[in-house]
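The residues making up each chain are set out below.
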There are 2 protein chains.
Amino acid sequence: MEINKNRIYRIAIDAMGGDLAPDNEIQGAILASKNKKFDIDFEIIFIGNETQIRQSLTQYDTNGLRYSIVHADETITMDDDPTEILKKKPNSSLHKGLQYHAQGYADSFISIGNTGAVLSVATVTLGRINGVSRPTIGALFPTIGKKPTLILDVGANIEAKSRFLYEFAVMGSIYVNLTQGIENPRIGLLNIGEESSKGTEEIIKTYDLLKNSNMNFIGNIEGRDILLGSADVVVCDGFTGNVILKFAESITGLLKTKIKNYSKSSIFKKLLTLTALPVLKNIFRDFDYQEYGGVPLLGVNGIVLIGHGKSSPKAISNIIFRAIELIRQEINPKIENSLSPKVMSNNG
Amino acid sequence: MEINKNRIYRIAIDAMGGDLAPDNEIQGAILASKNKKFDIDFEIIFIGNETQIRQSLTQYDTNGLRYSIVHADETITMDDDPTEILKKKPNSSLHKGLQYHAQGYADSFISIGNTGAVLSVATVTLGRINGVSRPTIGALFPTIGKKPTLILDVGANIEAKSRFLYEFAVMGSIYVNLTQGIENPRIGLLNIGEESSKGTEEIIKTYDLLKNSNMNFIGNIEGRDILLGSADVVVCDGFTGNVILKFAESITGLLKTKIKNYSKSSIFKKLLTLTALPVLKNIFRDFDYQEYGGVPLLGVNGIVLIGHGKSSPKAISNIIFRAIELIRQEINPKIENSLSPKVMSNNG
């Protein structure tokens, strides 16, 4: 895969994924096509119910959007069991889109549907990158600094095996290097104390693996270090990562309710709250996970990005740009170079 | 242990524990003595360096405070390894205070020092309640509702064995019932999805144990449910609990920094921020973990409460009241009744 300015990047989008599908997916694609940030041509392949997609398209000004439609009979919902989707719904937009990507008709696949389903079907359909034990899903957290922190894994792997955690660190380091331009991303191992003796046996083993790697490992970090931005990449098992991600996503809701209750108690307090709104909105924006444009599924043989089910058109257009960036940056050959057994034995 | 209005409750306080020891401990005890909330007599036993304690006492009005001092040569610091304290510092204020409690000279022991050290020394010195496999430390989280949620474990046990998690639920349920007056506290099992098939093998086993118990088990809950107050008691392994607790404690810091940076960018924004201060302070108060008066160490043969190293005098006085409440409520016989094998076989 070579970087070619004249190349057209083909992005397959699961048009049936989100809470407002296919409208938001279509609006997101249109928004991306109107953004001149990238001097790059791309085509969107909408995968899903053709009638619904065509109906939705008539509502918007698609001038300038290069697109095609691939019909898929079935739709995955949040209630579908990720492990049974391929058997029960072989013709889903999710499966069809990933097959398109696997066969090379699309350079990337995006979905804002059932995350577990994307993980499961993508792993089977695309396969793993040589050297990767388990694909992983990362998420970006706001920090007091200028750059967010990437936490991985946030739910793909609940087992905290040392080899898995080591691979998450390698993939996260490459991802942050490519997307944020940080030369040697600081890798932190999430733990319950700073000492190398802390944590489970597998975490202690991970500490040694990371310490002996050529990554910029800064040691164990604790829960409080995430928002402080002490590390660029935070490695943890998918159970802990998933709980923190969902906890963090709920903070804005708590704050908003508290503010509402406060403002309701008197007219004076209501006025105070109104005056405070610009400050408060500024704070909430940092906790708006949509700003970051989806989370990457790293370790599969493809460029797969997953967005929140409630992703706005703007969030979806951000995901599209992130996908194009990852294709251009050739992230997967870089991951393979760092993890494949061949390379490891060559390096000693 | 019978409830006796004329009884004097004797509370041993590790006077060398916190960041501002022994001043804050002494001021906290004085504050408690001046609070007429409880119609109860209590005596504080300050454990620590007698010279330092006496020196500090001269600075304050101790009129009305009933106290005694027990000298201890050694002080535990945050750098001491919890597992080696008894060997290396047998005469620490921590050990001496817990011995006093174990021997019945004090009805409770409080420390705002090294949490791991308190856990370790308390478990050895006091022993476990009959039927308890592992003592646990809980923490209260703010919610959008009126009552906080108790999460346990937050660091005492990083292994998520189903039996341990089940016992945490029993102890947490009793604690919340006694301290918050909730008749059948809602128990939630922290997980990465609502379905009973989610999580590790041990968590799936825990789900069954809780489902078949006579507790008010509401099923699996996710990270986002904590601040929503979906459960009164949230059960998890100490690794996940510790990470979330420290993450939650760091939220205020992020918010304050964001507000500061916002206000710095222009005079207008500075004025706006000043106007917003009352609203903001109101929000921050809910995230102030000191309001809740320390965290309980449940499962040991004693009433042990642990406070944050930065606990204010007010926080310390809250911990003293919480200790008295737990003594009066006879929490430990209730835990033993629910967990000891004898009772279990009696019930079938």
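Conventions we followed
All chains use their own residue numbering, which begins from 1 and follows the written sequence. Starting at A for chains and at 1 for ligands, labels are handed out in the order in which the entities are written. Predicted model: local features are reported for residues with pLDDT of at least 70 only, side-chain atom pairs are reported and counted for 80 or more only, and whole-chain, interface and lining totals are derived from all residues. Processing note: side-chain calculations cover all non-hydrogen atoms of the structure and skip hydrogens and water entirely. Where a domain begins and ends is set by an automatic assignment or by a domain database. Pairs of residues are marked as contacts when any of their non-hydrogen atoms sit within 4.5 Å. We define a salt bridge as a contact between a side-chain nitrogen of Lys or Arg and a carboxyl oxygen of Asp or Glu at a distance within 4 Å. Each helix corresponds to a stretch of at least 4 residues labelled H or I by DSSP, and each strand to a stretch of at least 2 residues labelled E; elements are numbered beginning at the N terminus. Under the grouping applied here, Gly and all other residues not named as nonpolar or charged are polar, the nonpolar ones being Ala, Val, Leu, Ile, Met, Phe, Trp, Tyr, Cys and Pro and the charged ones Asp, Glu, Lys and Arg. The criterion for strand pairing is that DSSP finds at least two bridges linking the strands in question. Structural elements are reduced to axes, namely lines fitted to C-alpha atoms, with helices fitted over the stretch in contact, and the angle between N-to-C directions of any two is expressed from 0 to 180 degrees. The rule for a disulfide is simple: a pair of cysteine sulfur atoms within 2.5 Å. Think of it in three bands: residues with accessible area under 20% of the maximum for their type are buried, residues over 50% are exposed, and the middle band is partly exposed, with areas taken using a 1.4 Å probe on protein chains only. Here the buried area means the combined drop in accessible surface, using a 1.4 Å probe, for two parts upon being joined, counting both sides. Stacked, tilted and edge-to-face are the three classes applied to pairs of Phe, Tyr and Trp rings, where Trp contributes its six-membered ring and a pair requires centres within 6.5 Å; stacked means planes under 30 degrees apart, edge-to-face means over 60, and tilted covers the rest. Patch definition: residues above 30% relative accessible area lacking any salt bridge, with like charges linked at up to 9 Å and the nonpolar side chains Val, Leu, Ile, Met, Phe, Trp and Tyr linked at up to 5 Å. Per-residue and other accessible areas were derived by the Shrake-Rupley procedure at a 1.4 Å probe size, with only the shown protein chains allowed to occlude residues. Two residue types count as positive, namely Lys and Arg, and two as negative, namely Asp and Glu; His and chain ends fall outside the count. Lys charges are placed at NZ, Arg charges at CZ, Asp charges at CG and Glu charges at CD. When the copies are superposed, the least-squares fit draws on C-alpha atoms of residues that have pLDDT of at least 70 in both.

## Details of the domain arrangement of chain A
Residues and elements named next belong to chain A.
Move 1: When the domains of chain A are assigned, the result is domain 1 (1-132 + 299-348) and domain 2 (138-290).
Move 2: Its C-alpha centre places domain 1 at a distance of 25 Å from the equivalent point of domain 2.
Move 3: Contact with domain 1, which involves 20 residues of that partner, is made by 13 residues of domain 2.
Move 4: If you look at where domain 1 meets domain 2, you find zero salt bridges.
Move 5: Broken down by secondary-structure element, the contributors of at least two residues to the side of domain 1 that touches domain 2 are α12 (313-328) and α13 (331-339).
Move 6: Its residues assigned to classes, the side of domain 1 that touches domain 2 comprises eight nonpolar, eight polar and four charged.

## A look at the sheet that holds strand β10 (residues 295-298) of chain A
All names here are of chain A.
Move 1: Strand order in the open sheet formed by 11 strands is β3-β2-β1-β4-β11-β10-β5-β6-β9-β7-β8, and the pairing between neighbours is mixed. Either end of the sheet is taken by a strand with one partner, and the two such strands are β3 (67-71) and β8 (216-221). Averaged over all neighbouring strand pairs, the angle between strand axes comes to 25°, with direction disregarded.
Move 2: Where strand β4 (residues 108-111) lies against strand β11 (residues 304-306), three bridges are found, and the strand directions are parallel.

## Looking at the state of the cysteines
Move 1: Inspection of every chain in the model, using the stated rule, returns zero disulfides over all chains.
Move 2: Left without a disulfide partner, Cys236(A) is nearest to the cysteine sulfur of Cys236(B), which lies 14 Å away.

## Some details on the sheet that holds strand β9 (residues 233-235) of chain B
Residue and element names in this part refer to chain B.
Move 1: Ordered by their spatial adjacency, 11 strands build an open sheet running β3-β2-β1-β4-β11-β10-β5-β6-β9-β7-β8, and the pairing between neighbours is mixed. Strands with a single pairing partner mark the edges of an open sheet, and in this sheet they are β3 (67-71) and β8 (216-221). Pairs of neighbouring strands in the sheet enclose a mean axial angle of 25°, with direction left out of account.
Move 2: Examined bridge by bridge, strand β5 (residues 136-141) and strand β6 (residues 149-152) share four bridges and lie antiparallel to one another. Bridging across to β6, Leu140 finds its partner in Leu150.
Move 3: Contacts from helix α2 (residues 50-58) reach β2 (41-48) and β3, with the element oriented near 150° to β3.
Move 4: Packing against the sheet, helix α7 (residues 201-211) makes contact with β7 (186-190) and β8, and its axis sits at approximately 155° to β8.

## Comments concerning the pairing of β5(B)
Residues and elements named next belong to chain B.
Move 1: With six of six residues buried, β5 lies mostly within the body of the structure.
Move 2: Taking every second residue as pointing to the same face, both faces of β5 are buried, with Thr136, Gly138 and Leu140 on one and Ile137, Ala139 and Phe141 on the other.
Move 3: In terms of strand pairing, β5 meets strand β10 (residues 295-298) through two bridges, oriented antiparallel. Counterpart to Thr136 in the pairing with β10 is Leu298.

## Quick look at the interface of chain B and chain A
Move 1: Contact with chain B, which involves 48 residues of that partner, is made by 46 residues of chain A.
Move 2: In total, about 4,400 Å² of surface goes out of reach between chain B and chain A, with carbon and sulfur atoms giving 78% of it.
Move 3: On the chain B side of the interface with chain A, the three residues burying the most area are Ile192(B), Phe239(B) and Phe247(B), jointly 17% of the side's total.
Move 4: Across the chain B-chain A interface, the total number found is two salt bridges.
Move 5: In this structure, Lys246(B) and Glu222(A) form a salt bridge, with 2.3 Å as the shortest nitrogen-oxygen distance.
Move 6: Those elements that provide at least two residues to the side of chain B that touches chain A are α8 (225-228), α9 (238-249), α10 (251-264) and α11 (267-286) of chain B.
Move 7: In terms of residue count, α11(B) provides more of the side of chain B that touches chain A than any other element does, 10 residues in total.
Move 8: Looking at the side of chain B that touches chain A, its residues break down into 25 nonpolar, 17 polar and six charged.

## Comments concerning the packing of aromatic side chains
Move 1: Applying the stated criterion across every chain, the model contains 11 aromatic pairs over all chains.
Move 2: Their ring planes at 50° and their centres at 5.2 Å tell us that Tyr100(A) and Tyr105(A) sit as a pair that is tilted.
Move 3: Overall, Tyr105(A) belongs to the partly exposed group, its relative accessible area being 44%.
Move 4: Judged by centre distance (6.0 Å) and plane angle (90°), the rings of Phe141(A) and Phe247(B) are edge-to-face. You can see Phe141(A) sitting in strand β5 (residues 136-141) and its partner Phe247(B) sitting in helix α9, one on each of two chains.

## Quick word on a negative patch on the surface
Move 1: A contiguous patch of negative charge on the surface is contributed by Asp79(A), Asp81(A), Glu194(B) and Glu195(B).
Move 2: Its location among the elements puts Asp81(A) in the loop between β3 and α3 (85-88).

## Observations concerning unusual backbone geometry
Move 1: Following Leu152(A), the chain continues to Asp153(A) via a peptide bond in cis, the omega torsion being 15°.
Move 2: Here Asp153(A) is to be found in the loop between β6 (149-152) and α6 (162-180).
Move 3: Following Ala21(B), the chain continues into Pro22(B) via a peptide bond in cis, with omega recorded as -5°.
Move 4: By secondary structure assignment, the location of Pro22(B) is in the loop between β1 (8-14) and α1 (23-34).
Move 5: With a phi close to 50°, Glu330(A) is a non-glycine residue in the positive phi region.
Move 6: Considering the arrangement of structural elements, one finds Glu330(A) in the loop between α12 and α13.

## Points about the relation of the copies chain B and chain A
Move 1: Superposing chain B onto chain A takes a rotation of 180° combined with a translation of 0.0 Å along the rotation axis, leaving an RMSD of 0.0 Å. Taken together, the rotation and translation relating the two chain copies correspond to the operation of a two-fold axis. Distance from the rotation axis, computed per C-alpha, reaches its smallest value in chain B at Ala276(B): 2.2 Å.

## With respect to the environment of Ala160(A)
Residue and element names in this part refer to chain A.
Move 1: Along the chain, Ala160 turns up in the loop between β6 and α6.
Move 2: The spacing of Ala160 and Thr240 is 80 residues in sequence and 9.5 Å in space, taken between C-alpha atoms.
Move 3: Ignoring anything within four residues of it in the chain, the contact list for Ala160 reads Leu165, Glu202 and Asp237.

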